[in-house]
Amino acid sequence: MVPSPCYVMEESLLRRNLSLISNVANEAGVEIILAFKAFALWKSFPIFREYINSVTASSIHEARLAYEEFGCRAHAFSPAYTDGDFDEIMRCCSHISFNSLSQYERFYKRVKESDYDISCGIRINPEYSEIETELYNPCAPGSRFGVTADLLPEELPEGIDGFHCHCHCESSSYALENTLKHIEEKFGRWLHKIKWLNLGGGHLMTRKDYDVEHLIGLLKGLRSRYPNLKVILEPGSAFAWQTGSLVSSVVDIVESRGIRTAILDVSFTCHMPDCLEMPYQPAVTSAVSLDADAVKGASPEQNIYRLGGNSCLSGDYMGSWQFAAPLQVGDKVVFEDMIHYTTVKTNMFNGISHPSIALLHENGELEMYKVFGYEDYRDRMC
């Protein structure tokens, strides 16, 4: 029996994605690693270790999680490392990419003088991206991410072994093809001189309509043009894409000016923030997603509802969905594909607890990873 609310990840679906990603890496001759910013449920790491060998971290805590729970030294990128964190970053990371030349100048001497085996890189900005939502576009004009080609010296600074580039968000292989043209046009004169190229995340290769063979061909072609390069991809969403759901329950139904809202025991702003930020309307099991205005003036017989979260934020709602039957208090409402970019982003605004987290094993056994309570809220607020 799945409690409510609860994130439920399915092992069989996770293994399906991991197998595909592993096959792409092997066929293309590249390394594909997990980006913790999208998924970091460490209790599932033993499954991941069957398919991949490393991860990427963007903070000291992610770096420690990699080292202590995944059992590897991470590939690190941060917009800005701090003096107090950097020793621990070096201990926990095999690769460190700097966002700026000034960060490199500030910290490289410490890397060079350390006893750790660390390969350093610089983040580049090709000034090209097909991401339409500016909130997620790292190459928007004036972006704080990366060094543009005109700011790089002809001879790279000592110790810069690689380039890190991130330009995608749930993108296709054809977006990568266009990105590579810009990278080679702007940074080609350095690509023969470095050891590795990290193409970042956003490569949604586990989506049904993704052209996996085209991706493999692109990566093989890149490696043939630059045989000196180790090519690295670090998607996050692709690993956990459509691997599970968020189970919720109806706790009340209210109506105002012809709009019926089913209030749930979950929150969009606390538990599904990407739905409001992106924005997009997630799929709900056994319901039809309609235009948001469809709820206005809908007759009761149509079973059309806006879904409302249980926080006090006025905008904590989405809609509309049409259900097969009228919703009742206690009914389950299941949001699909809610494993990536959810558990890593949840917050306790209003003191609202996180949903529980569970893994549905292939044998049908439900393993509860975590059940949250008052102590979690108290400890977070102190």
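Read on for a plain summary of the structure. Predicted model only: the values in this text are computed from it and were never measured.

For the rest of this paragraph, the subject is the overall build of the protein chain. When helices and strands are counted, the protein chain shows 11 helices and 18 strands. Radius of gyration (C-alpha) of the protein chain: 22 Å, near the 21 Å computed for a compact globule of 382 residues. On the principal axes, the C-alpha backbone points of the protein chain span a range of 70 × 40 × 40 Å. Counting over 382 residues, the protein chain shows a buried share of 54%. In the form shown here, the protein chain has an accessible surface area of approximately 17,100 Å², with 49% of it arising from carbon and sulfur atoms. Once the 34 positive and 51 negative side-chain charges of the protein chain are each reduced to a mean point, those two points are 3 Å apart.

With parallel pairing, 9 strands are arranged side by side in an open sheet as E2-E10-E9-E8-E7-E6-E5-E4-E3. Both edges of this open sheet fall to strand E2 (31-32) and strand E3 (34-35), since each of them pairs with a single strand only. As paired strands, strand E6 (residues 93-98) and strand E7 (residues 119-123) are joined by 4 bridges and run parallel to one another. Its bridge partner being in E7, Ser97 is matched across the sheet by Gly121.

Looking at where His164 falls in the secondary structure, it is placed in strand E8 (residues 160-164). Classification of His164 by relative accessible area gives buried; the value is 3%. Discounting chain neighbours no more than four positions away, the residues touching His164 are Phe77, Ser97, Ile122, Arg123, Ile124, Trp196, Asn198 and Glu234.

Our next topic: the environment of Glu277. For Glu277, the position within the fold is in helix H10 (residues 273-277). Judged by relative accessible area, Glu277 falls into the partly exposed class, the value being 36%. Here the alpha-carbon distance between Glu277 and Thr133, two residues 144 residues apart in the chain, equals 9.2 Å. When residues no more than four places from it in sequence are discounted, the contact partners of Glu277 are Thr133, Leu135, Tyr136 and Lys345.

Attention now moves to helix H7 (residues 212-225). The terminal C-alpha atoms of H7 lie 20 Å apart, and with 14 residues this matches the ideal 20 Å at 1.5 Å per residue to within 8%. Listed as buried for H7 are Val212, His214, Leu215, Ile216, Leu218, Leu219, Gly221 and Leu222. In this structure, the buried side of H7 is in contact with helix H1 (11-28), helix H6 (173-191), strand E9 (196-198) and strand E10 (230-233).

On to the pairing of strand E15 (residues 317-323), then. Burial analysis of E15 places 5 of its 7 residues in the buried class, the great majority of the element. As paired elements, strand E13 (residues 287-289) and E15 share 3 bridges and run antiparallel to each other. For Ser289, the partnering residue across the bridge sits in E15 and is Trp321. As defined by bridge partners, strand E14 (residues 304-308) adjoins E15 across 4 bridges and the pair is classed as antiparallel. Bridge pairing in E15 places Leu307 opposite Met318.

Here is what the cut-offs are and how they apply
One numbering rule holds for all chains: residues counted from 1, following each sequence as written. Residue-level local features of this predicted model are given only where pLDDT is at least 70; pairs of side-chain atoms are given and counted only at 80 or more, and the full residue set underlies all totals for whole chains, interfaces and linings. Excluding hydrogens and water, the side-chain values take into account all heavy atoms of the structure. Where helices and strands are cited, they refer to DSSP runs of H or I of at least four residues and of E of at least two residues respectively, numbered from the N terminus. Every radius of gyration here is taken over C-alpha atoms, with the globule rule written as 2.2 Å times N^0.38, N being the number of residues. Exposed residues in this analysis have more than 50% of their type's maximum accessible area, buried residues have under 20%, and partly exposed residues fall in between, with area computed by a 1.4 Å probe over protein chains only. All accessible-area figures derive from a Shrake-Rupley calculation using a 1.4 Å probe, and residue coverage is judged against the displayed protein chains alone. Charge counting follows a simple rule: Lys and Arg are positive, Asp and Glu are negative, and His as well as the terminal groups are ignored. Lysine's charge is taken at NZ, arginine's at CZ, aspartate's at CG and glutamate's at CD. One bridge is not enough; two strands pair if DSSP finds at least two bridges between them. Any two residues whose heavy atoms approach within 4.5 Å are treated as being in contact. How far a helix is expected to stretch is found by multiplying one less than its residue total by 1.5 Å.

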